Amino acid sequence: MLTVDVQPHPRGIPLMRVLGDVDLATAPVFQRAVQEQVAQRKRFVVDMDGVDFLSSAGLAVLVDLRQQMEDQSLKWAVVAARQTVTRPLEITGLLAVLPIFDTVPAALDAVTG
């Protein structure tokens, strides 16, 4: 099961909290939530510290998001401190490519700065 909740942050940046497993079955839910933010916002933060499992399907959503944000010159960041997220990112080399931060405040600083 996957829950994606988007809330406005006091800094005016939408904060997307992702909770549960991001796998082949739930990646479309994650993808739709991401696409809604891309369509509506210039910048946002994806908090993945509530993710218990991240499959290749979830990684593909992040890679696609990276390309879209780069194409549109938009700022975004991912909060990922848990090994359930950082390990797949590290193994695939995405940890060095995606805008990953350990905390929500650090990610917000990167997006607003």
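As a reminder, the structure under discussion sits directly above these lines.
Just so it is clear, the model here is predicted, and its values are computed rather than measured. (Residues numbered from 1 in each chain as written. Predicted model: local features only at pLDDT ≥ 70, side-chain atom pairs only at ≥ 80, totals over all residues. Heavy atoms only, no water.)

Q: Break down the environment of A33 for me, with residues and values.
A: One can find A33 in helix α1 (residues 27-40). With 29 residues separating them along the chain, A33 and V4 place their C-alpha atoms 7.0 Å apart. In contact with A33, other than residues within four places in its own chain, are V4 and M16. (Helix = DSSP H or I, 4+ residues; strand = E, 2+ residues; numbered from the N terminus. Contact = heavy atoms within 4.5 Å.)

Q: An account of the pairing of strand β1 (residues 2-8) is needed here, citing residue identities and associated values.
A: Sheet topology places β1 next to strand β2 (residues 14-22); seven bridges connect them, and they run antiparallel. Within β2, the residue paired with T3 across the bridge is L19. Linking β1 back to β2 in an antiparallel pair, the connection comprises five residues, with G12 at a positive phi of about 85°. (Pairing = 2+ DSSP bridges.)

Q: Give a detailed account of the pattern of salt bridges, specifying residues and quantitative values.
A: Per the counting criterion, the structure on display carries five salt bridges. Residue D47 is joined to R17 by a salt bridge in which the shortest nitrogen-to-oxygen separation is 2.6 Å. With D47 in strand β3 (residues 43-54) and R17 in strand β2, the pair connects residues that are 30 residues apart, well separated along the chain. On the accessibility criterion, D47 (7% relative accessible area) is buried. With a shortest N-O distance of 3.3 Å, E90 and R87 are connected by a salt bridge. One end of the pair is E90 and the other is R87, both in helix α3 (residues 83-92) and three residues apart, which spans about a single turn. Relative accessible area serves as the criterion here: at 48%, E90 is assigned to the partly exposed category. (Salt bridge = Lys/Arg side-chain N within 4 Å of Asp/Glu carboxyl O. Buried < 20%, exposed > 50% of the residue type's maximum accessible area, 1.4 Å probe, protein only.)

Q: I'd like a rundown of the sheet that holds strand β5 (residues 100-101), residues and numbers included.
A: Spatially, five strands are ordered β1-β2-β3-β4-β5 in an open sheet, and the strand pairing comes out mixed. Looking along the sheet, the strands with just one partner apiece sit at the ends: β1 and β5. By the bridge criterion, five bridges tie β3 to strand β4 (residues 75-79) in an arrangement that is parallel. Counted as the bridge partner of V46 is V78 from β4. Taken strand by strand, α1 contacts β1, β2 and β3, and its axis lies near 170° from that of β2. The sheet contacts of α3 involve β3 and β5, and relative to β3 the element is tilted by about 100°. (Axes fitted to C-alpha atoms, helices over the stretch in contact; angles between N-to-C directions.)

Q: Give me the lowdown on the packing of α1 against helix α2 (residues 56-71), citing residues and values where you can.
A: Contact geometry for α1 and α2: axes closest at 9 Å, N-to-C directions at 15°. By the angle between their directions, the pair α1 and α2 is classed as roughly parallel. For the crossing formed where α1 meets α2, the hand is right-handed. Across from A27, F30, Q31, V34, Q35 and V38 in α1, the residues of α2 making contact are A57, G58, V61, L62, D64, L65, Q68 and M69. A per-class count over the contact of α1 with α2 returns nine nonpolar, four polar and one charged. (Parallel < 35°, antiparallel > 145°, perpendicular 65-115°, else oblique. Left-handed = near helix turned anticlockwise from the far one by under 90°. Nonpolar A, V, L, I, M, F, W, Y, C, P; charged D, E, K, R; others polar.)

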